[in-house]
Amino acid sequence: MRNKLFINKLYINGVWKYPVHGGTFDVINPATEEVIHQAPAASEEDVDEAVRAARNAFDQGPWPQMSGRERAYYLRAIANGIRAKLSELARIEVIDNGKPLPEAEWDIGDAAGCFDYYASLAEELDENPVEPIALADGRFTSKAVREPLGVAGAIIPWNYPLLMAAWKVAPALAAGCTVVLKPAALTSLTALELAAIADEARLPPGVLNVVTGSGAKAGQALIDHPGVDKLAFTGSGPVGSTVMAAAARDIKRVSLELGGKSPFIVFADSDIEKAVEWIMFGIFWNQGQVCSATSRVLVQEALYQPLLDRLAEESRKIKIGNGLEEGVLLGPLVSQGQLTQVLAGIDEARRDGAKVVTGGNKPAGFDKGYFLEPTVLADVPLDSRAWTEEFFGPVVCIKPFTDEVEAIRLANDSRFGLAAAVMSADDERCERVAAKLRAGIVWINCSQPTFTEAPWGGYKQSGIGRELGRWGLDNYLETKQITRYTSDEPWGWYLK
């Protein structure tokens, strides 16, 4: 039965409308397994209408022609709208995604901050709109100008629903692009709320369109659409490969933020209590459903057993439960499918010879909900999927190492390269190791802090391009050369 508190229409060209074929899909609370809503399921026709609306808004509308200052006004209005509804949006995020309420509130605040940040960058575009180019031939003058790229198709994952939308929508709008946003089917509610906030801010029609539905239908229709100039995708490697292949057919611009299997190197001179806290934050925050989660922990031999014991001890103390309950630090995984996948991975690790130090099962007393105990695995073989592949759950693998050379070799021995962390009391060693880690994000004496101002993205199979910071804005800009012949003399090639 539809929950009347939630939006049940698509947002296309500034208008709320039912899908052409009236399709819906269930929205399930992962803590209770209850169906809390039927969300609108967009068809190929709906996606086509959304792309055409975005295309018209870019080609014929005022948005790309506005100054950065004018666009910043709308971005700040959206930021203020998010803050005004922070508590409501956070609660929606909890019952849609499962994460604990304090984490959801943090995410919503960060989403608002993201729109504010890109409002400021939009204004900066007005300060230096033209870059003069010095030419060797004095008969010509030349300049470089940056212009909005066009229509952006943004496809986001389910682990940070509103925040991931902000990471793509805010810089795209700041640059002057128009957007068709396709949220994950598992967590569509706050994307529709974002559309409502944009509508209240009087964003011009067609500038932001939100279509919900399956990846196979709505997502595929978006990546295949010839009217889209740019695809921005965050999600799994296999789907990212599909997006890239589709983009190649039309030579679309593409940015991909994909998976990881991030290492955390802990040297023996580290403070054990600080190490345990950062390891836990690096893997149990958001139930481990974080692309950059430091799920491979390498500990120098002298500290290995004491740290493993303390980590297991503290992991058992984590309060598990519904994210709306006070004190809960570990909510349910997002879906039954995700829980089944992670449990299967743990079972496979056991068969490979890994030791389950703690966790590894559904917690006692939870008959409903997709809950999983915080899980610590030791003695994981290097060729086990538990060591090489992303589980996207609260599962961490711990392995000892002897020296710095071995630690770096083991850390870099991965097809992924999104993030990495190193901890030591020796600052010079931290800097030395950080320089050798093949990852787009490296943390020293911490794990997972993320800032809107800093670039985000990975090496190797963890993606292409960077989000956040000025790099995120550049994703949605094209550079044009304009050269003028200024001499009064004929060029002289043909005319004599």
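Overview of the structure. The structure displayed is predicted, hence computed values, not measured ones.

Concerning the pairing of strand β6 (residues 140-148)
For a regular strand, the rule is simple: side chains alternate between the two faces of the sheet.
And step 1. Where strand β5 (residues 130-133) and β6 come together, four bridges link them in antiparallel fashion. Following the sheet pairing, P132 is matched in β6 by K143.
And step 2. Here β5 hands over to β6 after six residues, the two strands then running antiparallel side by side.
And step 3. Two elements, β6 and strand β22 (residues 477-485), share nine bridges in a ladder whose sense is antiparallel. Paired with K143 across the strands is I482, a residue of β22.

Some remarks on helix α13 (residues 404-412)
And step 1. Burial in α13 covers these residues: E404, A407, I408, L410 and A411. Projected down its long axis, α13 shows its buried positions confined to an angular sector of 165 degrees, all on one face. Of the residues in α13, the exposed ones pointing more than 90 degrees away from the buried face are V405 and R409.
And step 2. Summarising the contacts, the buried residues of α13 are in contact with β12 (263-266), β13 (296-300), β16 (395-401) and α14 (427-436).

A few points about the pattern of salt bridges
And step 1. In total, this model carries 26 salt bridges according to the counting rule given.
And step 2. Of the charged contacts, one joins R83 and D116 as a salt bridge, the two residues approaching to 2.5 Å between their closest N and O atoms. Taken as a pair, R83 in helix α2 (residues 68-84) and D116 in helix α4 (residues 101-127) lie far apart in primary sequence, 33 residues in all.
And step 3. Overall, the relative accessible area of 39% leaves R83 in the partly exposed class.
And step 4. A salt bridge links K317 to E314; its shortest N-O distance comes to 3.0 Å.
And step 5. Judged by relative accessible area, K317 falls into the exposed class, the value being 55%.
And step 6. Salt bridges here are not isolated pairs; linked through shared partners, they connect E273, R310, E313, E314 and K317.

Some remarks on the sheet that holds β12
And step 1. Ordered by their spatial adjacency, seven strands build an open sheet running β14-β15-β16-β13-β12-β18-β19, and the pairing between neighbours is mixed. Edge positions in the sheet fall to β14 (355-358) and β19 (441-444), since each of these pairs with one other strand and no more. Neighbour-to-neighbour, the strand axes of the sheet open up by a mean angle of 25 degrees, direction not taken into account.
And step 2. Relative to β16, strand β15 (residues 375-378) runs parallel, the two sharing four bridges. Bridge pairing links A378 to I398 in β16.

Topic: the packing of aromatic side chains
And step 1. For the structure on display, the rule yields 15 aromatic pairs.
And step 2. For the ring pair F267 and F401, a centre distance of 5.3 Å and an interplane angle of 85 degrees mean the geometry is edge-to-face. Of this pair, F267 sits in the loop between β12 and α9 (272-284) while F401 is found in strand β16, placing the two residues 134 residues apart along the sequence.
And step 3. An angle of 85 degrees between the planes, with centres 5.9 Å apart, marks the rings of W278 and F281 as edge-to-face. Of this pair, W278 and F281 both sit in helix α9, separated by three residues, roughly a single helical turn.
And step 4. Residue W278 is classed as partly exposed on the basis of its relative accessible area of 27%.

Observations concerning a nonpolar patch on the surface
And step 1. Where nonpolar side chains cluster on the molecular surface, the patch consists of Y485, W491, W493 and Y494 and spans about 590 Å² of accessible area.
And step 2. You can see W493 is positioned in the segment after β22.
And step 3. When its relative accessible area of 69% is taken as the criterion, W493 is described as exposed.

Observations regarding the sheet that holds β6
And step 1. Taken in spatial order, the three strands of this open sheet run β5-β6-β22, and their pairing is antiparallel. The open sheet has two edge strands with one neighbour each: β5 and β22. Ignoring strand direction, the axes of neighbouring strands in this sheet form an average angle of 25 degrees.

Considering the packing of α4 against helix α5 (residues 161-175)
And step 1. In contact at an axis separation of 9 Å, α4 and α5 are set at 10 degrees when each is read in the N-to-C sense. When the interaxial angle is binned, α4 and α5 end up roughly parallel. Only L162, L163, A166, W167, V169, A170, P171, A174 and A175 of α5 make contact with α4, whose side of the interface consists of D107, I108, D110, A111, C114, F115, Y118, A122 and L125.
And step 2. A breakdown of the residues in the contact of α4 with α5 according to their chemical character gives 16 nonpolar, no polar and two charged.

A word on the state of the cysteines
And step 1. Tallied over the entire structure, the rule returns zero disulfides.
And step 2. Summary of cysteine pairing: C114 is not part of a disulfide, and the nearest cysteine sulfur, belonging to C291, is at 15 Å.
And step 3. You can see C397 has no disulfide; the closest cysteine sulfur is in C291, sitting 18 Å from it.
And step 4. Judged by relative accessible area, C397 falls into the buried class, the value being 1%.

Definitions and cut-offs
Residues numbered from 1 in each chain as written. Predicted model: local features only at pLDDT ≥ 70, side-chain atom pairs only at ≥ 80, totals over all residues. Heavy atoms only, no water. Pairing = 2+ DSSP bridges. Helix = DSSP H or I, 4+ residues; strand = E, 2+ residues; numbered from the N terminus. Buried < 20%, exposed > 50% of the residue type's maximum accessible area, 1.4 Å probe, protein only. Arc of directions from axis to C-beta. Contact = heavy atoms within 4.5 Å. Salt bridge = Lys/Arg side-chain N within 4 Å of Asp/Glu carboxyl O. Axes fitted to C-alpha atoms, helices over the stretch in contact; angles between N-to-C directions. Phe/Tyr/Trp six-rings, centres within 6.5 Å; stacked < 30°, edge-to-face > 60°. Patch = residues over 30% accessible without salt bridge, like charges linked within 9 Å, V, L, I, M, F, W, Y side chains within 5 Å. Areas by Shrake-Rupley, 256 points an atom, 1.4 Å probe, with all protein chains shown as cover. Parallel < 35°, antiparallel > 145°, perpendicular 65-115°, else oblique. Nonpolar A, V, L, I, M, F, W, Y, C, P; charged D, E, K, R; others polar. Disulfide = S-S within 2.5 Å.

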